[in-house]
Amino acid sequence: MLEARNITKVYEGGVQALTDVSFTVPKGQFLAVIGLSGSGKSTLLRCINRLIEPTSGQIFWNGQDVTAASPEELRRIRRRIGMVFQSFNLVHRSKVLTNVLAGRLGYTNPAWSLINRFSKTDIEKAHQALARVGIPDKADYRADELSGGQQQRVGIARALMQDPEIILADEPVASLDPVLAHSIMKHLERINKEDGVTVLCSLHFLDLVHKYADRVIALNQGRLVFEGLPGEIDDKKFKEIYGRDAERVG
Amino acid sequence: MTESNSNRETKPSVWRSLRNGFFFALAIITIAYAFQVTKVDLEEFRKESRQQSRVRVMRALANPDLFDFDRAETTVNSPVYLPCPGGVEPQIQREASGEAYVESLSCGAAGDVITLNGFNFPPNTDVVILFVPGNDPESTLALAKARVKSDSQGQFTAGVELPKDRESDDVQFLRSYSYKNVGTPRWSKSALNTWDKIIETVFMAFLATLLGTLLSFPLSFFAARNLMKNVRSPLASVALNLLGWPLGIWLGFQAGKFLLGISDSFAENIWMNAAGVGVSLLLIAFGARWSLSRGETDSSTMSRILTQVISIFTAALAIYAVLELGSLGMNLGLSMIESLGSFGFLGNFLFQSGDILRTITPALSALIAGGIVSSGLGRWGQSLSERLPVQTARLVNAALAAATGALLFIGIAQVLNWFYEIGNPLYIFTLPAILGALGGLTLAFLNHPKASLPIGLAVYTVTRTIVNAVRSVEAVIMAIVFVIFVGIGPFAGVMALGLHTIASLVKLYSEQVESISAGPLEAVEATGANRLQTIIYAVIPQIIPPYISYTMYRWDINVRMSTIIGITGGGGIGFLLVQNINLLDYNAASTQMLAIAIVVSLMDYVSSALREKAV
């Protein structure tokens, strides 16, 4: 179980990105995080694995205080939290296989990394992960030779390599067309349902939320304004989340 | 609105013209002063003597001294008395040498013009008439008096004024000299010297670039803001880190010296060297395999201690292997210098590399041990400050910070003492210790005991400052210092160029690291990779192309620099060039300038072609 308690983030320069956000995610849930651009979704997801340090508040995961973890403990926590990004964040000049294997770095002895070595089981696992996301034949391509949808699958394969208990997906389909978006979301759904991995996924389109999410939290200007089932978002709630001038499109 | 607008505009427009006028006047004054300081003066340029030397030097420069020929010389020494001995009238005499002969008067008074008529000289060639003082016709000491050209029959007529201050009772000579180039041209001596030195120059640049690239690669990460700004650690950790350095360096240096002593006892025997290398490499392989195969699953205290002991033992073996490798290289090299003949330079390379390995190993092991002890202690400090209650942590911090501050200041005082020979223990021990301890205490009490300090930014700032300071000294100037360190010659040039290369490449490289895209960095960090792994998998792949391009660019610059670094004694072609200019041998200097132009433009072309390929 993942629990966020009173997370507040103030950036240098005084921008208040998150104010007092609290929520819990039971193990195995698919949680959608919605809100306008700039409402704090990305900051919230990054506060969970402390890529961004929250200014105050705590994150508890399986009873452990993530926010108080030492650097070494944080590394051990991070390696069980996979992350998928809007802009894929692959190393363009490296091979797809190397990008996928990077997900294994938290488990690899740094001395081996110095000479760019991974164990045979890790390499085998990477090929399986690529097969699982449907691109087993792309292992030896350079990452920037792949299309956007394929790159995001590599991103998911990289997260799978971590044997994650949680996947944080930061607008994973915002850079993709609707068809590809559904295919990527289906991969995340399968990981959620088959492996029991908790997924926290920030999304723009409500139809995706309705189709894939078990539960929704909504942010507006850094505050939690809604928490509930996808079906509960009616027109009134919608205007609360997105502002009164917003129109439903999806 | 419009009215107030126009009002606001008219008022400043006067101001603006005044201001513009002021700046214009200032600009004129600046330029005028620059004229004064740099002594712009066309009068000197127009002078007769300037014009003559201009013509002479430009013509000499246009005639690089490239080829030599065998000469067919014709010399006729006509005896002449100056003045005429008492009662003897000057009469026409004929002096011959082979086919050629010259008719002239046998004596004359000082200032008289004597006419020489030459016959059967090589046709259409320059003939120089020289006055040879003293009574030796073979003397090379001669004064050029006239230069004429023989006609198509090989005849010439020249009038020579007898010098006024060379009167003597002995016979003196008027020498008619002409030469012709015969046979095939061969490279002149200065062309051959130039070739030797230009090769030296190119390889100086190559070695300096190699050295600079190898060292600036790791350093550039410390000078990259985006990598360093997130590195923070608590005060206890920083203090223990700093305290660990001298301790580790001392331990490592002792270990290195001890191992050097052991390997010295086998230094002579080549087979013992080879066996030493082989055996220690084998043991290292076993040790490394064993300690690397320990997963994180097995973490009982006993097995962790065992792993550490074996790691230390493996590291010591590695140092020993390097030392033995050095001896092996030296011995093998020595035997190769004798047996390989013209490929003896390979042996010399082995010998010198071995020597370098053996020389730097104790220092290197000291540095590595320093790093290990410091990071170990630092980690301990980190866990201390996490576990201890706030009050205890405050005390521990204060004690550690005071000790570190005292040590740091004493260290600085020692360096100053070395330079200025202060010698008074009050100033080099007591006062710095007290000041440093006070500084440390202040730092400890100003910060919350558990607060983490931006140590990464401190390292970044220090690296940048040092690099910028070093970079601002040109390599030619650095060569002056290195000439004192290692003696006049190309090695000093390599050191100077190498140091300057490190300084400028660290800056260029680190700017590339700062401009990489942050996404992959974030992604790799999120997988639980440590800092080293993040650099290897997210940073290095992104910076390879610009690094190659900058290295090429730097090689280009180094070739250019090494052509002039000889001016200050740093070896290479510059040394020859300055020498020839000082000897006023502009033909030879021109040869060297030509060589520089060719090499620099070739390098320019090659490096830009390669850079295009790399990016």
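Remember, predicted model here, so these are calculated numbers, not experimental data.

1. So, the overall build of chain B
- Helices and strands together make up the secondary structure of chain B, namely 18 helices and 10 strands.
- Viewed in the frame of its principal axes, chain B has a C-alpha envelope of about 125 × 100 × 60 Å.
- For chain B, contacts bridging at least 24 residues in sequence account for 75% of all contacts bridging at least 6.
- Summing over all exposed atoms, chain B offers an accessible surface of approximately 35600 Å²; the carbon and sulfur share of this is 66%.
- Across chain B, the mean location of the 43 positive side-chain charges is 16 Å away from that of the 44 negative side-chain charges.

2. Some thoughts on the overall build of chain A
- Across its full length, chain A carries nine helices and 10 strands.
- For chain A, the C-alpha radius of gyration of 18 Å lies close to 18 Å, the compact-globule estimate for 250 residues.
- Taking the principal axes of the C-alpha coordinates as reference, chain A spans close to 55 × 40 × 35 Å.
- In chain A, once contacts between residues fewer than 6 apart in sequence are set aside, the share between residues at least 24 apart is 68%.
- Summed over its atoms, the accessible surface of chain A is roughly 10900 Å², and 50% of this surface lies on carbon and sulfur atoms.

3. As for the sheet that holds strand S1 (residues 2–10) of chain A
All names here are of chain A.
- The strand order S2-S1-S4-S5 describes an open sheet built from four strands, whose pairing is antiparallel. Two strands bound the open sheet, and with one partner strand each, they are strand S2 (16–25) and strand S5 (64–65).
- Pairing analysis gives six bridges linking S1 to S2, with the strands arranged antiparallel. Looking at the pairing, Leu2 lines up with Val25 of S2.
- In this fold helix H1 (residues 41–48) packs onto S1, S2 and strand S4 (56–61), with an angle of close to 60 degrees to the strand it touches most, S2.

4. Let's talk about the nonpolar core
- Among the nonpolar cores identified, the biggest contains 70 residues, and Ile34(A), Val100(A), Met185(A) and Val539(B) are the most heavily contacted of them.
- If one sorts the elements of this core by residue count, helix H16 (residues 531–564) of chain B sits on top with seven residues.
- Apart from residues lying up to four places away in sequence, Ile34(A) is in contact with Lys41(A), Leu203(A), Leu206(A), Val209(A), Val216(A), Ile217(A), Ala218(A), Leu219(A), Ile233(A), Ile241(A) and Tyr242(A).
- In terms of nonpolar packing, the next biggest core, distinct from the first, is built from 31 residues, Ile48(A), Ile59(A), Ile81(A) and Leu168(A) among them.

5. Remarks on the state of the cysteines
- In total, this model carries one disulfide over all chains according to the counting rule given.
- Across a sulfur-sulfur distance of 1.9 Å, Cys84(B) and Cys107(B) are joined as a disulfide pair. Looking down the S-S bond of the Cys84(B) and Cys107(B) bridge, the torsion is 95 degrees, so its handedness is right-handed. Taken as a pair, Cys84(B) in the loop between strand S1 (67–82) and strand S2 (92–97) and Cys107(B) in the loop between strand S3 (100–105) and strand S4 (113–119) lie far apart in primary sequence, 23 residues in all.
- Classification of Cys84(B) by relative accessible area gives partly exposed; the value is 24%.
- Cys107(B) gets classed as buried once you look at its relative accessible area, which sits at 3%.
- Unpaired in terms of disulfides, Cys47(A) finds its nearest cysteine sulfur in Cys201(A), a separation of 18 Å.
- On the basis of relative accessible area, Cys201(A) is assigned to the buried category, the value being 0%.

6. Section: the interface of chain B and chain A
- Contact residues are listed per partner, giving 23 residues for chain B and 34 residues for chain A.
- Overall, the association of chain B and chain A removes approximately 2400 Å² of surface from exposure, summing both partners, and the carbon and sulfur fraction of that is 59%.
- If you look at where chain B meets chain A, you find two salt bridges.
- The tally of links from chain B across to chain A stands at 10 residue pairs in polar contact (both at pLDDT 80 or more).
- Mapped onto the side of chain B that touches chain A, the elements with two or more residues apiece are helix H9 (344–387), helix H15 (518–526) and H16 of chain B.
- The leading source of residues in the side of chain B that touches chain A is H16(B), at eight residues.
- Among the residues forming the side of chain B that touches chain A, the class breakdown is 12 nonpolar, seven polar and four charged.

7. Quick look at the domain arrangement of chain B
- Here chain B is described as being made up of domain 1 (70–187) and domain 2 (255–374).
- Taken over C-alpha atoms, the centre of domain 1 of chain B sits 76 Å from the centre of domain 2 of chain B.

8. Points about H15(B)
- Extensive coverage of H15(B) is indicated by the burial of seven of its nine residues.
- Along H15(B), the positions that sit buried rather than exposed are Gly519(B), Pro520(B), Leu521(B), Glu522(B), Ala523(B), Val524(B) and Ala526(B).
- Packed against the buried residues of H15(B) are H1, helix H2 (71–78), strand S6 (81–84) and helix H6 (148–160) of chain A together with helix H5 (225–228) and H16 of chain B.
- Just past H15(B), the residue Gly528(B) takes up positive phi, approximately 95 degrees.

9. What to know about the pattern of salt bridges
- For the structure shown, the criterion picks out 31 salt bridges over all chains.
- Here Arg132(A) ties to Asp195(A) by a salt bridge, and the two come within 2.9 Å at their closest N and O atoms. Taken together, the residues Arg132(A) in helix H5 (residues 120–132) and Asp195(A) in helix H7 (residues 178–195) connect sequence positions 63 residues apart.
- For Glu43(B), the salt bridge is made with Arg46(B), and the minimal N-O distance between the two is 3.2 Å. Of this pair, Glu43(B) and Arg46(B) are both found in helix H2 (residues 42–46), three residues apart, which corresponds to roughly one turn of the helix.

10. Re the pairing of S4(A)
Residues and elements named next belong to chain A.
- With five bridges joining them, S1 and S4 adopt antiparallel strand pairing. Residue pairing in the sheet places Leu2 in a bridge with Trp61 of S4.
- Bridge count for S4 against S5 is two bridges, and the pairing is antiparallel. The residue of S5 that forms the bridge with Phe60 is Asp65.
- Linking S4 back to S5 in an antiparallel pair, the connection comprises two residues, with Asn62 at a positive phi of about 50 degrees.

11. A closer look at H16(B)
Residues and elements named next belong to chain B.
- With 34 residues, H16 should cover 50 Å at 1.5 Å per step; its first-to-last C-alpha distance of 42 Å lies more than 12% under that length.
- The largest bend in H16 comes to about 50 degrees, at Ile540, with the proline Pro541 one to four residues further on.
- Between the side-chain oxygen of the N-cap and the backbone nitrogen of Leu532 there are 3.2 Å, and the N-cap of H16 in question is Asn530.

12. Points about the sheet that holds strand S6 (residues 143–149) of chain B
All names here are of chain B.
- On the basis of which strands lie adjacent, the open sheet formed by four strands has the order S1-S8-S5-S6 and antiparallel pairing. Of all the strands in the sheet, just S1 and S6 have a single pairing partner and so form its edges. If you compare each strand with its neighbour and ignore which way they point, the axes differ by 25 degrees on average.
- In the sheet, strand S5 (residues 126–132) pairs with S6 via six bridges, with the strands oriented antiparallel. Among the inter-strand pairings, Val127 is bridged to a residue of S6, identified as Val148.

13. What about the environment of Pro178(A)?
All names here are of chain A.
- Here Pro178 is to be found in helix H7.
- Accessibility expressed as a relative area gives 62% for Pro178, which makes it exposed.
- For the pair Pro178 and Phe205, spaced 27 residues apart in sequence, the C-alpha separation works out to 10.0 Å.

14. Overview of the pairing of strand S7 (residues 166–170) of chain A
Residue and element names in this part refer to chain A.
- Extensive coverage of S7 is indicated by the burial of five of its five residues.
- One ladder, built from four bridges, connects S6 with S7; its direction is parallel. Following the sheet pairing, Gly82 is matched in S7 by Ile167.
- Note: S7 against strand S8 (residues 198–202), five bridges, orientation parallel. Its bridge partner lying in S8, Ala169 is registered against Cys201.
- In this fold, S7 hands off to H7, which returns the chain to S8; that crossover is right-handed.

Calculation notes
Residues numbered from 1 in each chain as written. Chains lettered and ligands numbered in written order. Predicted model: local features only at pLDDT ≥ 70, side-chain atom pairs only at ≥ 80, totals over all residues. Heavy atoms only, no water. Helix = DSSP H or I, 4+ residues; strand = E, 2+ residues; numbered from the N terminus. Contact = heavy atoms within 4.5 Å. Areas by Shrake-Rupley, 256 points an atom, 1.4 Å probe, with all protein chains shown as cover. Lys, Arg positive; Asp, Glu negative; His and termini not counted. Charge placed at Lys NZ, Arg CZ, Asp CG, Glu CD. Rg over C-alpha atoms; globule rule 2.2 N^0.38 Å. Pairing = 2+ DSSP bridges. Axes fitted to C-alpha atoms, helices over the stretch in contact; angles between N-to-C directions. Core = buried A, V, L, I, M, F, W, Y, C linked by side-chain atoms within 4.5 Å. Buried < 20%, exposed > 50% of the residue type's maximum accessible area, 1.4 Å probe, protein only. Disulfide = S-S within 2.5 Å. Buried area = accessible area lost by both parts, 1.4 Å probe. Salt bridge = Lys/Arg side-chain N within 4 Å of Asp/Glu carboxyl O. Polar contact = N/O pair within 3.5 Å; in protein donor to acceptor, adjacent residues only side chain to side chain. Nonpolar A, V, L, I, M, F, W, Y, C, P; charged D, E, K, R; others polar. Domains from an automatic or database assignment. Expected span 1.5 Å × (residues − 1). Bend = angle between axes of the 7 residues up to and from the residue. Right-handed = clockwise from strand over helix to strand, strands pointing away.

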